[in-house]
Amino acid sequence: PGDTVSASVDQERRDDIIRNHTGTHLLHAALRNQLGKHVQQRGSLVAPERLRFDFAHDEKVSPNELRSIESEVNNIILANYPVWAEEKSLTEARKEGAMALFGEKYSDEVRTVSVGANSSRYSYELCGGVHVHETSEIGPFIIVSEGSVSAGVRRVEALTGRAAVQYMQQKLDTLNYVAAQLGATPGETVQRLKGLQNE
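Below you will find a few notes about this structure. Fair warning: this is a prediction, and the values are worked out from it, not measured in the lab.

1. What about the overall build of the protein chain?
On a plain count of helices and strands, the protein chain comes out with five helices and seven strands. Each principal axis of the C-alpha atoms in the protein chain carries an extent, and together these give about 70 × 50 × 35 Å. The 199 residues of the protein chain split such that 38% are buried. Relative to all contacts within the protein chain whose residues are 6 or more apart in sequence, the contacts with residues 24 or more apart total 62%. Roughly 11,700 Å² of accessible area belongs to the protein chain as shown, and the carbon and sulfur atoms make up 49% of that amount.

See below:
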């Protein structure tokens with residue numbers, strides 16, 4: 001008692017979390033656009049190094065669908081849409097189409113987070129968390145896995161920002177190493193590998 005203390009926020013860690021949080025909202029919207037409006041959030045994790053999103057869906061998401069979802073999110077990021085929060089009544093937010101968490105109880109006054117202009121919102125959810133100011137702050141978005149959690153619930157894990165860049169660099173390092181071992185350029189690797197298999 002009586003000691004003087006100094007509290008501080010690890011800004012780099014916080015920025016990573018913020019990027020992943022807004023990325024989760026974009027992922028939710030892209031999943032609904034690509035797979036159907038039956039997609040509803042069933043859980044999520046927003047950490048500094050990754051994001052995880054569980055959602056209602058009855059079948060495996062194909063690699064082509066995952067690529068389309070990933071591309072859509074990256075296109076929204078590159079479009080640099082504004083992200084902003086507003087407080088309003090729950091009735092008004094629902095009337096405007098704000099997404100709410102399944103089974104969650106809300107007070108009469110809620111906080112909404114919008115991505116995009118009012119006339120063409122890309123994402124609109126009830127949310128009390130911190131977000132980027134513009135989507136370009138998120139940086140690259142990469143889906144790294146998709147799988148089943150339970151009957152009718154799928155899970156997607158993804159990376160944004162610094163973690164996504166690090167992931168891409170590791171993949172490029174691996175490709176460059178394999179190419180060098182095959183005596184090929186990275187662009188020739190698949191053909192060189194096929195040639196070796198045929199031999």
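2. So, helix α4 (residues 161–182)
With 22 residues, α4 extends 32 Å between its outermost C-alpha atoms, agreeing within 8% with the 32 Å of an ideal straight helix rising 1.5 Å per residue. Among the residues making up α4, those that are buried are G161, A164, A179 and L182. Mapping the buried residues of α4 onto a view down its axis gives an arc of 80°, with all of them on the same face. For α4, the exposed residues lying more than 90 degrees away from the buried face are Q166, Y177, A180 and Q181. Turning to α4, the residues buried within the fold contact α1 (11–35), β6 (141–150), β7 (153–160) and α5 (189–198). Following α4 by one or two positions, G183 adopts a phi angle in the positive range, close to 65°.

3. What about the packing of α1 against helix α2 (residues 63–79)?
Direction vectors running N to C along α1 and α2 enclose 130°, while the axes themselves pass 9 Å from each other. As summarised for this structure, α1 and α2 are arranged oblique, according to the angle between their axes. Judged by the twist between their axes, the crossing of α1 over α2 is right-handed. On α2, the residues touching L26, L27, A29, A30, L31, N33, Q34 and L35 of α1 are E65, S68, I69, E72, V73, I76 and I77.

4. Digging into the sheet that holds strand β2 (residues 51–56)
The strands making up a sheet associate through hydrogen bonds between their backbones, and the pairing can be parallel or antiparallel. On the basis of which strands lie adjacent, the open sheet formed by four strands has the order β1-β2-β7-β6 and antiparallel pairing. Of all the strands in the sheet, just β1 (41–46) and β6 have a single pairing partner and so form its edges. Averaged over all pairs of adjacent strands, the angle between their axes in this sheet comes to 15°, without regard to strand direction. Contacts from α2 reach β6 and β7, with the element oriented near 135° to β6.

Calculation notes
Residues numbered from 1 in each chain as written. Predicted model: local features only at pLDDT ≥ 70, side-chain atom pairs only at ≥ 80, totals over all residues. Heavy atoms only, no water. Helix = DSSP H or I, 4+ residues; strand = E, 2+ residues; numbered from the N terminus. Buried < 20%, exposed > 50% of the residue type's maximum accessible area, 1.4 Å probe, protein only. Contact = heavy atoms within 4.5 Å. Areas by Shrake-Rupley, 256 points an atom, 1.4 Å probe, with all protein chains shown as cover. Expected span 1.5 Å × (residues − 1). Arc of directions from axis to C-beta. Axes fitted to C-alpha atoms, helices over the stretch in contact; angles between N-to-C directions. Parallel < 35°, antiparallel > 145°, perpendicular 65-115°, else oblique. Left-handed = near helix turned anticlockwise from the far one by under 90°. Pairing = 2+ DSSP bridges.

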